[in-house]
Amino acid sequence: MLALAALLLSALLAPNPARAQVAADPAPIQFNGEAEEARFHALVSELRCVMCQNQSLADSNAQIAVDLRHEVLSLMRRGKSNAEIKDFLVARYGEFVLYRPQVESKTWLLWFGPAVVLLAGGLVVAGIVRRRSTQQRTKAQPGDPTRSTPANTPEDDQEW
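Residues numbered from 1 in each chain as written. Predicted model: local features only at pLDDT ≥ 70, side-chain atom pairs only at ≥ 80, totals over all residues. Heavy atoms only, no water.

## A few points about the overall build of the protein
Worth spelling out the cut-off: Under the DSSP-based scheme used, a helix requires at least four consecutive residues in state H or I and a strand at least two consecutive residues in state E, with every element numbered from the N terminus. Note on exposure labels: buried denotes an accessible area under 20% of the residue type's maximum, exposed denotes more than 50%, and partly exposed covers the range between, all computed with a 1.4 Å probe on protein chains only. Residue contacts are counted whenever heavy atoms from the two residues lie within 4.5 Å of one another. All accessible areas in this document rest on Shrake-Rupley with a 1.4 Å probe, and a residue is counted as covered only by the protein chains that are shown.
Within the protein, the regular secondary structure consists of six helices and zero strands. The helix and strand sequence of the protein, counted from the amino end, reads α-α-α-α-α-α. Counting every position in the protein, which comprises 160 residues, the buried fraction comes to 18%. For the protein, restricting intrachain contacts to residue pairs at least 6 apart in sequence, the fraction spanning at least 24 positions comes to 50%. For the protein, the accessible area works out to roughly 12,300 Å², and carbon and sulfur atoms hold 59% of it.

## Things to note about the nonpolar core
Nonpolar side chains in soluble globular proteins tend to be buried together. Inclusion rule: Nine residue types can take part in a nonpolar core, namely buried Ala, Val, Leu, Ile, Met, Phe, Trp, Tyr and Cys, and a core is a set of them joined through side-chain atoms within 4.5 Å.
Core analysis: the biggest nonpolar cluster contains 18 residues, and Phe 40, Leu 47, Leu 57, Val 72, Met 76, Ile 85 and Leu 89 have the highest contact counts within it. Sorting the residues of this core by element identifies helix H3 (34–45), helix H4 (63–77) and helix H5 (82–93) as the ones contributing at least two each. Counting residues per element, this core draws most heavily on H4, which supplies six residues. Sequence-distant contacts of Leu 47, that is, excluding residues within four places in its chain, are made with Gln 55, Ser 56, Leu 57, Val 72, Lys 86, Leu 89, Val 97, Leu 98 and Tyr 99.

## Remarks on a nonpolar patch on the surface
The criterion, for reference: Residues with no salt bridge and a relative accessible area higher than 30% make up the patches, which join like charges within 9 Å and nonpolar side chains (Val, Leu, Ile, Met, Phe, Trp, Tyr) within 5 Å. Each reported salt bridge corresponds to a side-chain nitrogen of Lys or Arg within 4 Å of a carboxyl oxygen of Asp or Glu.
On the surface, Val 103, Trp 108, Leu 110, Trp 111, Phe 112 and Val 116 cluster together into a nonpolar patch covering about 640 Å² of accessible area. Here Val 116 lies in helix H6 (residues 108–138). A relative accessible area of 54% places Val 116 in the exposed class.

## Focus: the packing of H3 against H4
Formally: For helices, the fitted line uses only the C-alpha atoms of the stretch in contact; every axis is such a line through C-alpha atoms, and the angle between N-to-C directions lies from 0 to 180 degrees. Small angles under 35 degrees read as roughly parallel and large ones over 145 as roughly antiparallel, with 65 to 115 read as roughly perpendicular and the rest as oblique. If you view the pair so one helix is near and one far, a crossing is left-handed when the near helix is turned anticlockwise from the far one by less than a right angle, and right-handed when it is turned clockwise. Throughout this entry, Asp, Glu, Lys and Arg are counted as charged residues, while Ala, Val, Leu, Ile, Met, Phe, Trp, Tyr, Cys and Pro are counted as nonpolar. The remaining residues, Gly among them, count as polar.
One can describe the packing of H3 onto H4 by two numbers: an axis separation of 11 Å at closest approach and a directional angle of 130°. With respect to each other, H3 and H4 are oriented oblique. In this structure, H3 meets H4 at a crossing whose hand is right-handed. Side by side, H3 and H4 meet where Glu 36, Arg 39, Phe 40, Leu 43 and Val 44 of the first sit next to Arg 69, Val 72, Leu 73, Met 76 and Arg 77 of the second. For the contact of H3 with H4, the class distribution of residues is six nonpolar, no polar and four charged.

## A look at the packing of H4 against H5
Relative to each other, H4 and H5 sit at 140°, their axes nearing to 10 Å. Classified by the interaxial angle, the pair formed by H4 and H5 is oblique. In this structure, the crossing between H4 and H5 has a hand that is right-handed. Residue-level inspection shows Ile 64, Leu 68, Glu 71, Val 72, Leu 75 and Met 76 of H4 in contact with H5, the latter providing Ile 85, Phe 88, Leu 89, Arg 92 and Tyr 93.

## Section: H5
Note the cut-off: How far a helix is expected to stretch is found by multiplying one less than its residue total by 1.5 Å.
Between its first and last C-alpha atoms H5 spans 16 Å; for 12 residues at 1.5 Å apiece the expected length is 16 Å, and the two agree. Phi turns positive, to about 95°, at Gly 94, one or two residues after H5.

## Re the pattern of salt bridges
Any two side chains of opposite charge can pair, given that their charged atoms come close. The tally for this structure, following the rule as stated, stands at two salt bridges. Where Glu 36 meets Arg 77, a salt bridge forms, and the shortest distance between an N and an O atom there is 3.1 Å. Linking Glu 36 in helix H3 with Arg 77 in helix H4, this pair joins segments that are 41 residues apart in sequence. By relative accessible area, Glu 36 is classed as buried at 16%.

Put into structure tokens, the structure is as follows:
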């Protein structure tokens, strides 16, 4: 009984990793002007939170997003351009940190893959429609003496 109580007490007192990952920004960011604020918000909305994976740095409340927002502002204040800031984060976290990765040979499938799949699907559907319309035209119609009637096939015997 004492061991069970000790186990429960240690579970309650142990840090909860899931709860520790989400944090409120303890020090709200103070901007030096509207231009800096606009640039900051535009930049963090183009960067992905490396932990949340489907949220931008602007939208995420994860502790790493808070830290990265402060890092981005620090880099901005050091005179870095948006491209230099993105390059710094890509070097640190990989292309995943960008919502719009660069168009390179290794990302062609990401950029053009959906269009290729859509085009291939359209070609398949067009081929099926063309084949069926050709089959409908070649079938003899009742009372048409100019067309020869094909022999009955197993498909013609079905009622559906």
